[in-house]
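Geometric and topological summary
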Amino acid sequence: MRAVPLLCALLLVACASDPPARTHYLLRAELPDATRQIEAPAAIGLGRVTVAPYLLRPGLVIESDDHQVRPARYHVWAEPLDEGLRRYLRTEISNVLGYAIRADWSQRSEWDYAVDVVIDQLHGTLSGEARLAAGWRIARADGREIAAYVLSSSEPLAVGGYQGLVDAEIVLLQKLAARIAESLQEAVATD
Amino acid sequence: MTDTEATVSERRRISKVWIVPIVAVLLGAWMIYFTFTTQGPKITIVFSTAEGVEAGKTKIKARSVEVGLVESVALGEDLESVEVVAQLERFATPLLREDTKFWVVRPRIGAGGVSGLGTIVSGGYIELAPGEGEPGRREFRGLEDVPVTPVGTPGLQFSLYSEQAGSVTTGDPILYKGFEVGRVESTDFDVEGQHVHYGAFIDAPYDDLVTSNTRFWNASGISFSATAEGVELKTGSLQSMLFGGVAFGLPEGVGAGSPVENGTDFELYADYGEVNQRPYRHGIEYVVQFTRSVRGLEPGAPVEWRGIPVGKVERLLLEEMVREGGMRGEGQPIAVLLRLEPGRLTLPDSEESVETLRKTLEAGVRNGIRATIATGSLLTGSRYVALDMYRDEPSAEIGEFASWPTIPTISTGLEGIEVKVSALLDKLNTLPIERIVASADGTLRELRRTLTEVRSLVASEGVQSLPRDLDATLAELERTLKSVEELARTLEDRPSSLIFSSDPEKDPEPKAGDR
C-alpha cells in the first residue's frame with residue numbers, strides 16, 4: 001500500500017510539461033551627463049505617477065483587433081510598471097531639461113513646482129502598433145494648478161514581437177518626457 | 001278865728017355852709033373822672049426773678065419812651081416766680097396785645113454782643129415790645145432773655161430741634177451760603193420729646209429760601225473729611241467757627257419743595273453730611289424678618305423696589321427680638337428695621353405722601369409684595385433689601401413686631417442659587433490650587449518635552465520616508481492582490497490546474513507595424 005502515493009506522484013510528474021521561458025523587459029533611460037548639467041531655475045519635482053489599473057500586472061498588454069486586451073504571460077516587466085515609469089520619466093525629463101528634477105516625497109514641501117503624471121494607456125496591438133495616452137498637471141508648492149496637458153500618441157513597431165513593442169513604447173515615453181519638460185520650462189518661465 | 005287873722009309861719013333857708021361840701025363832692029367826682037379817663041391799664045408780669053426790678057422805681061419803656069411804672073413786686077403763689085404789677089399810661093393801652101413781650105433790660109454780655117450798658121448808670125427797666133395780636137391782654141410772662149429779633153420784624157419764625165445741644169446757642173447766626181440771614185432766638189430743652197428746642201428767625205426776604213425740603217445743620221466748627229478723591233475741609237464764617245451757627249440749604253438731588261408757615265418744626269442735623277445721609281424728613285418705618293443669614297446687610301443699606309431706591313436699612317432689632325420673643329433657641333427670624341421715604345419716589349416729602357405710601361404698601365402686600373435679601377456685590381458681599389411683587393404668593397396682611405408694621409418676606413430662587421454659588425466658592429477655596437497649578441506646570445513641561453521629542457521624531461528621515469514606503473507597500477499589495485485574483489480566477493475556471501498544468505499557450509505575438 002505504501003507504493004500507491006509514490007505511483008500517483010510519478011503519474012503526475014509524467015503528465016506535466018515544460019512551460020515556455022519568461023522574458024523580462026526593463027524601461028531603461030540614458031543616465032544624465034553630469035558635465036552638461038545647468039543650474040535649475042526652480043525646485044521642480046516629479047510627483048505622483050499613476051498608472052491605469054489594467055497595466056498594474058506583470059505582463060505586457062496586447063490589445064486584439066476586437067478591442068480585447070490580454071496581458072502576456074511570458075513577456076513581463078522586470079519591475080512594477082509604475083515604479084519603472086516613474087524612474088524612467090524622471091531621468092528622461094532631467095535629460096531634456098539639462099538639470100535634475102527631484103523625486104523625494106519627504107521634501108515635497110521644498111519644491112517650487114511639482115508635476116503629477118497619469119498613464120491611461122500603454123499597450124501594443126496585434127496589428128503592430130504601440131499606443132500611449134497620458135496626462136500631466138503642473139502645480140505650485142501650495143497645490144495650485146498652473147497648467148494641465150494630455151498626450152495621445154502611437155508608434156508602429158519597427159520589428160514584430162514583444163521586444164519591438166517595448167522599443168516602440170520607449171519611443172512614446174521619450175516623446176512624453178520631452179513634452180512634459182517643454183511644458184515645465186514654459187510654466188516656470190511664465191509664472 | 002277871723003278871716004283877717006294872719007297865719008304866721010317860719011321861713012326855711014339852706015345854709016351857705018353846704019356849698020363847701022358840694023364843691024368838694026364835685027371836685028372829687030371830677031378827679032375820679034379825670035383819673036379814670038387819663039390812667040392807663042394795670043398789668044401783671046411774671047418773671048422768674050426780680051433782679052433789677054424795684055417797686056415805685058423801675059419804669060416800663062417801649063422804644064425808650066416811658067409808658068408805665070412798677071407799682072409792686074411780690075412772690076408768686078408757687079414761690080418760684082415773681083409777680084410784678086405795673087401801672088401803664090393810658091396811651092400805652094393799644095400796645096398790650098396777645099403777643100406783647102416784656103423783659104428786664106440790664107447789662108448783658110453774650111454771643112450776640114454786649115447790651116444794656118446804659119442801665120449801669122440809669123438802672124434797669126422793663127422793656128415792652130408791642131405785639132400784633134388781639135388787644136386786651138393784661139397778664140404776661142416776662143422773657144428771661146432779651147429777644148434777639150424785634151417783635152414785628154418781617155420774616156419767618158420757626159423751630160429747630162435736635163437730640164444734642166451741640167454748640168448752638170441763642171443769638172447764633174443762621175447762614176445761607178455763608179451769608180447771615182437770621183438768628184437763633186431761644187434755646188430750651190423739651191423734656192417730653194427729649195430733644196433740644198431752638199426758636200429761630202429768618203429775616204424777609206430771605207424767608208422765601210426756607211421751604212418744606214429745606215434742611216438745617218450745625219455749621220459750627222470745622223468739617224474735615226478724607227476720601228479717595230482727596231482731603232475736604234469745610235468751615236463756616238469766623239463767627240460761626242468761634243461761637244457756633246446754623247446753616248441751611250437743600251440736600252443733594254432734592255427739589256425746592258413748598259413754602260412753609262410760621263411755627264414749622266425742622267430737625268437740626270449735625271452736619272451737611274448727615275443731611276445727605278437722611279435727605280428726606282418724612283418716612284415710614286417697617287420691619288422685615290428674615291429666617292436666613294443677614295450677613296452683609298448693614299445699617300444704611302438700600303431698600304429697593306425693583307431696583308429703585310425707596311429707603312434704607314435703619315438697624316437690626318436685636319434688642320427688640322430679645323425683648324419680644326426672648327432667647328428660646330428656636331431660630332427666631334432676624335428683625336430688620338427699614339425706613340421707606342416717599343420723597344425718593346418723587347412724591348412730596350410730606351406726611352400726606354407717607355400716608356399714601358403706607359396705604360399703597362398695605363394693598364400691595366395683599367397682592368403679593370414681599371421683601372427679600374439680595375446681594376449687591378459678590379465681591380464685597382454687601383446686601384440690600386429688595387421689594388418686589390410675587391403674584392403667586394398667597395395674600396397676606398401687614399403684621400406687627402414691637403409696635404412696627406411688618407412686611408412679609410420670601411426666599412427667592414435666586415437666593416438658593418447664591419447659596420449654591422457660595423458653597424461652590426467655598427469648595428474652590430478649599431481646593432489645593434497651588435499644588436494643582438504646580439502639578440499642571442510640571443505636566444505642561446513634560447508635555448512640552450514630549451512634543452519636542454515627537455517633533456524631532458517626525459522630522460527624522462525614517463518617519464519622513466514612511467509615506468513613500470507606505471505608498472510603495474500599498475502598490476505592492478495591490479499587485480499581489482491582482483495576482484491572487486488572477487490565480488483565483490484560473491482555479492475557478494480550471495480547478496485541476498493546481499495539479500495538472502494545462503498546455504502552455506503562447507502569448508500572441510504583435511507583428512511589425514506599417515511605417
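These remarks concern the structure in this document. Note that the structure is a prediction, hence the values are computed from the model and not measured.

1. Considering the overall build of chain A
Of regular secondary structure, chain A possesses three helices and seven strands. In sequence order, chain A lays out its α and β elements as α-β-β-β-β-α-β-β-β-α. For chain A, with 191 residues in total, the buried portion stands at 45%. The long-range share in chain A, meaning contacts at least 24 apart out of those at least 6 apart in sequence, stands at 66%. Summing over all exposed atoms, chain A offers an accessible surface of approximately 10100 Å²; the carbon and sulfur share of this is 53%.

2. So, the overall build of chain B
A tally of regular secondary structure across chain B gives ten helices and 26 strands. The proportion of buried residues among the 515 residues of chain B is 31%. A separation of at least 24 residues holds for 66% of the contacts in chain B among residues at least 6 apart in sequence. If you sum the accessible surface of chain B, you get close to 33000 Å²; carbon and sulfur atoms cover 56% of it.

3. Overview of the sheet that holds strand E22 (residues 334-340) of chain B
Residue and element names in this part refer to chain B. Taken together, the eight strands give an open sheet; going across it, the order is E23-E24-E20-E21-E22-E19-E26-E25, and neighbouring strands pair in mixed fashion. Of all the strands in the sheet, just strand E23 (369-375) and strand E25 (399-401) have a single pairing partner and so form its edges. The sheet shows a mean angle of 40° between the axes of neighbouring strands, taken without regard to direction. Looking at chain direction, strand E19 (residues 284-290) and E22 are connected through seven bridges and run antiparallel. Within E22, the residue paired with Gln-289 across the bridge is Ala-335. On top of the sheet, helix H5 (residues 318-325) reaches strand E21 (308-316), E22, E25 and strand E26 (404-407); it is set at about 100° to E25, its chief contact.

4. Some remarks on the sheet that holds strand E17 (residues 246-249) of chain B
Residue and element names in this part refer to chain B. Taken together, seven strands build a closed barrel; the order of strands is E10-E13-E12-E11-E17-E14-E18 and the barrel is mixed. On average, adjacent strands in this sheet sit at an angle of 35° to one another, irrespective of strand direction. Across three bridges, strand E10 (residues 155-162) lies against strand E18 (residues 265-269) in parallel orientation. Bridge assignment links Leu-160 to a residue of E18, and that residue is Phe-266.

5. Section: the pairing of strand E14 (residues 215-218) of chain B
Residue and element names in this part refer to chain B. What you see with E14 is no split at all: Arg-215 and Trp-217 on one side and Phe-216 and Asn-218 on the other are buried throughout. Where E14 meets E17, four bridges bridge the pair, whose relative direction is antiparallel. Looking across to E17, one finds that Arg-215 is bridged to Gly-249. In the sheet, E14 pairs with E18 via two bridges, with the strands oriented parallel. By the bridge assignment, Phe-216 is partnered in E18 with Leu-268.

6. Notes on the environment of B:Pro309
All names here are of chain B. Secondary-structure assignment places Pro-309 in strand E21. It is 9.3 Å that separates the C-alpha atoms of Pro-309 and Glu-341, two residues lying 32 residues apart in sequence. When near neighbours in sequence (up to four residues on either side) are disregarded, Pro-309 contacts Val-303, Glu-304 and Arg-344.

7. Describing the interface of chain A and chain B
Facing 35 residues of chain A, the contacting portion of chain B comprises 24 residues. Carbon and sulfur atoms supply 53% of the area buried between chain A and chain B, which totals about 2500 Å² over both sides. Its largest share of buried area at the contact with chain B, chain A owes to A:Leu56, A:Arg70 and A:Leu126, together 20% of the area lost on that side. At the surface where chain A touches chain B, the tally comes to zero salt bridges. Counting across the interface, chain A meets chain B through eight residue pairs in polar contact (both at pLDDT 80 or more). Broken down by secondary-structure element, the contributors of at least two residues to the side of chain A that touches chain B are helix H1 (3-15), strand E4 (69-77), helix H2 (81-97) and strand E7 (145-156) of chain A. Broken down by element, the side of chain A that touches chain B gets its largest block of residues, five residues, from E4(A). Considered class by class, the residues forming the side of chain A that touches chain B number 18 nonpolar, eight polar and nine charged.

8. Focus on H2(A)
For H2(A), built from 17 residues, the straight-helix expectation of 24 Å at 1.5 Å per residue is met to within 8% by its first-to-last C-alpha distance of 24 Å. Taken together, the buried positions of H2(A) are occupied by A:Leu81, A:Asp82, A:Gly84, A:Leu85, A:Arg86, A:Tyr88, A:Leu89, A:Thr91, A:Glu92, A:Ile93, A:Ser94 and A:Leu97. Looking at the buried residues of H2(A), the elements they touch are strand E2 (44-51), E4, strand E5 (113-125) and helix H3 (162-190) of chain A together with helix H10 (466-493) of chain B. Positive backbone phi, approximately 95°, marks A:Gly98, located one or two places after H2(A).

9. A look at a negative patch on the surface
On the surface, a cluster of negative charge is made up of B:Glu77, B:Asp78, B:Glu80, B:Glu83 and B:Glu139. Judged by its relative accessible area of 67%, B:Glu80 falls in the exposed class.

10. Considerations on the packing of aromatic side chains
Residues and elements named next belong to chain B. Counted according to the given criterion, the structure contains nine aromatic pairs over all chains. An angle of 20° between the planes, with centres 5.2 Å apart, marks the rings of Trp-30 and Phe-34 as stacked. In this pair, Trp-30 and Phe-34 both sit in helix H1 (residues 19-38), four residues apart, roughly one turn of the helix. Among the aromatic residues, ring-to-ring pairing joins Phe-158, Tyr-176, Phe-216, Phe-248 and Phe-266 into one connected group. Directly above the aromatic system of Tyr-125 lies the positively charged group of Lys-61, at a separation of 4.6 Å from the ring centroid.

Quick notes on the rules
Residues numbered from 1 in each chain as written. Chains lettered and ligands numbered in written order. Predicted model: local features only at pLDDT ≥ 70, side-chain atom pairs only at ≥ 80, totals over all residues. Heavy atoms only, no water. Helix = DSSP H or I, 4+ residues; strand = E, 2+ residues; numbered from the N terminus. Buried < 20%, exposed > 50% of the residue type's maximum accessible area, 1.4 Å probe, protein only. Contact = heavy atoms within 4.5 Å. Areas by Shrake-Rupley, 256 points an atom, 1.4 Å probe, with all protein chains shown as cover. Pairing = 2+ DSSP bridges. Axes fitted to C-alpha atoms, helices over the stretch in contact; angles between N-to-C directions. Buried area = accessible area lost by both parts, 1.4 Å probe. Salt bridge = Lys/Arg side-chain N within 4 Å of Asp/Glu carboxyl O. Polar contact = N/O pair within 3.5 Å; in protein donor to acceptor, adjacent residues only side chain to side chain. Nonpolar A, V, L, I, M, F, W, Y, C, P; charged D, E, K, R; others polar. Expected span 1.5 Å × (residues − 1). Patch = residues over 30% accessible without salt bridge, like charges linked within 9 Å, V, L, I, M, F, W, Y side chains within 5 Å. Lys, Arg positive; Asp, Glu negative; His and termini not counted. Charge placed at Lys NZ, Arg CZ, Asp CG, Glu CD. Phe/Tyr/Trp six-rings, centres within 6.5 Å; stacked < 30°, edge-to-face > 60°. Lys NZ or Arg CZ within 6 Å of the ring centre and 35° of its normal.

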